[in-house]
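Here are the chains, one letter per residue:
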Amino acid sequence: MAEAAVPDAGRLSEGDIDQDPAAAVEKLTAALEQKPDDAEYYCQRAYAHILLQNYHDAITDAKKSLALSPNNAVAFLRQGIGEYHMKNYTSALESFNEGQKQDNADTTLAIWIKRCEEAINSSFVTNLSVSGVYLAFANVFDFLLLESDTILICPFNIFIIMGDQISQHQLRPSKIKYDWYQTESHVIVTIMIKNAKKEDISIQFSEKELSALVRLSSDEDYNLKLHLLHSVVPEQSTFRVLSTKIEIKMKKPEALQWEKLEGDGGGSKLKQLAPVSDSMHLYPSSSHYTKNWDKLVVEIKEEEKNEKLEGDAALNKLFQQIYSDGTDEVKRAMNKSFMESGGTVLSTNWSDVGKRKVEVNPPDDMEWKKF
């Protein structure tokens, strides 16, 4: 009798999961301990993980569900959503296409397929050496010869053919930026990576070289290697991890002004720095004037805050502000309505959208078409 009641105790409606996805994960995990071969439990838990933005776990559960029930279109949908948010657009597109084969009447799958295709077409940019390698291009309408051995291809698929092996490479440009400034005693390099974990960071100092390796959540690595203009003291150089960036602080042997960060080892004229407070950030050039960069950053942020935007930019900023300032229920409502409607509905009313599936609702002057 007890075993027969386990499925009912563990089975949840979408409304139950929407109401409290964290509690739903716990309940479904307990149910799976009693019935580990239930495909629906895995599929439901994948949905809860999506709402919690645990996309890697969502993909894992969706795959387990499909292993038990290979024709489950909903499991393909949830696997694809997880892969899309992990920026693995090609795998996501494959999952959505498989789901559409199982249920071609589901308009949600068609919406996600279109979004994947747009993401793929806009993000394939790579800089490849072609020495000794033959390149065949599919759907490439434009390319730019930069150097004798380098070609920039944008923005479509690239096929590298070596012997009898054909492989498709989908590479994205790094959007991560770094900057630098100097004080009387240090050269500081900042890498703009948010919420990095110290255990995922490796920084190596040598007298005239800096190497930084950061493992990102997207299973990619960010590498930065700098050949410094002048020498530093490796033993007295450090780094720290902040919520918005990684700050690398390299000790100068002498209070000399660097004209630039990197050099070719040929030497450069050095200028003695006028004594200034270590907290006063100096402009990294040959100028005789100094600039308080802390103050400048505050001024820029204030200008951005007061900037008057128009059109889509103003609307996007408003939505970002609503999401940032909203409660957990507001954020959950915005995520659910946007995801289920294919981006045509954005609601902050959890008491409304939490009870139902949000349907596609295009503007009055537009017609929704299935692709």
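This text gives an overview of the structure that appears in the document. (Residues numbered from 1 in each chain as written. Predicted model: local features only at pLDDT ≥ 70, side-chain atom pairs only at ≥ 80, totals over all residues. Heavy atoms only, no water.)

Moving on: the side chain of Ser65. Here Ser65 shows up in helix α5 (residues 55–68). For Ser65, a relative accessible area of 0% translates into the label buried. Here Ala39 takes part through its backbone oxygen, which lies 2.9 Å from a polar atom of the side chain of Ser65. Ser65 has contacts with Ala39, Tyr42, Cys43, Asn72 and Ala75, leaving out every residue within four places of it along the chain. (Helix = DSSP H or I, 4+ residues; strand = E, 2+ residues; numbered from the N terminus. Buried < 20%, exposed > 50% of the residue type's maximum accessible area, 1.4 Å probe, protein only. Polar contact = N/O pair within 3.5 Å; in protein donor to acceptor, adjacent residues only side chain to side chain. Contact = heavy atoms within 4.5 Å.)

Turning our eyes to something else, we now look at the sheet that holds strand β12 (residues 233–241). In spatial order, the strands read β7-β8-β13-β12; together these four strands make up an open sheet with antiparallel pairing. Strands at the two margins of the open sheet, each flanked by one partner only, are β7 (178–182) and β12. In this sheet, neighbouring strand axes are inclined to one another by 20° on average, regardless of whether the strands run parallel or antiparallel. With five bridges joining them, β7 and strand β8 (residues 186–191) adopt antiparallel strand pairing. Considered in β8, the bridge of Tyr181 is made with Ile188. (Pairing = 2+ DSSP bridges. Axes fitted to C-alpha atoms, helices over the stretch in contact; angles between N-to-C directions.)

Bringing the packing of aromatic side chains into the picture now. Taken as a whole and judged by the stated rule, the model has three aromatic pairs. Every member of this aromatic cluster is reached through a ring pair, and the members are Tyr84, Tyr89, Phe96 and Trp112. Just above the ring of Phe239 sits the side chain of Lys198; from NZ or CZ to the centre is 5.7 Å. (Phe/Tyr/Trp six-rings, centres within 6.5 Å; stacked < 30°, edge-to-face > 60°. Lys NZ or Arg CZ within 6 Å of the ring centre and 35° of its normal.)

We now examine the nonpolar core. Nonpolar side chains in soluble globular proteins tend to end up buried together. Counting 29 residues, the largest nonpolar core has Ile17, Ile81, Tyr84, Phe96, Trp112 and Met339 as its most contacted members. Sorting the residues of this core by element identifies α3 (21–34), α4 (39–51), α5, α6 (73–85), α7 (89–102) and α8 (107–123) as the ones contributing at least two each. The contacts of Ile17, once residues within four sequence positions are left out, are Leu12, Ala24, Gln44, Tyr47, Ala48 and Leu51. Judged by nonpolar contacts, the second largest core, of 22 residues, contains Val187, Leu210, Ile246 and Leu261. (Core = buried A, V, L, I, M, F, W, Y, C linked by side-chain atoms within 4.5 Å.)

When you line up the elements, Arg115 lands in helix α8. Nearest to the buried, unbridged Arg115 among oppositely charged side chains is Glu118, at 6.5 Å. Apart from residues no more than four positions distant in its own chain, Arg115 is found in contact with Tyr84 and Phe338. (Lys, Arg positive; Asp, Glu negative; His and termini not counted. Salt bridge = Lys/Arg side-chain N within 4 Å of Asp/Glu carboxyl O.)

Here the focus is unusual backbone geometry. Positive phi is not limited to glycine here, since Gln53 has a value of about 65°. Among the secondary structure elements, Gln53 is positioned in the loop between α4 and α5.

A few words on α7. Along an α-helix, a turn takes 3.6 residues, which lines up residues three or four apart on a common side. Between its first and last C-alpha, α7 extends 20 Å over 14 residues, near the 20 Å set by a 1.5 Å rise per residue. All of the buried residues in α7 are Tyr89, Ala92, Leu93, Ser95, Phe96, Gly99 and Gln100. Projection of α7 onto a plane perpendicular to its axis shows the buried side chains occupying an angular sector of 165°, all on one side. Facing away from the buried side of α7 by over 90 degrees, the exposed positions are Glu94 and Lys101. (Expected span 1.5 Å × (residues − 1). Arc of directions from axis to C-beta.)

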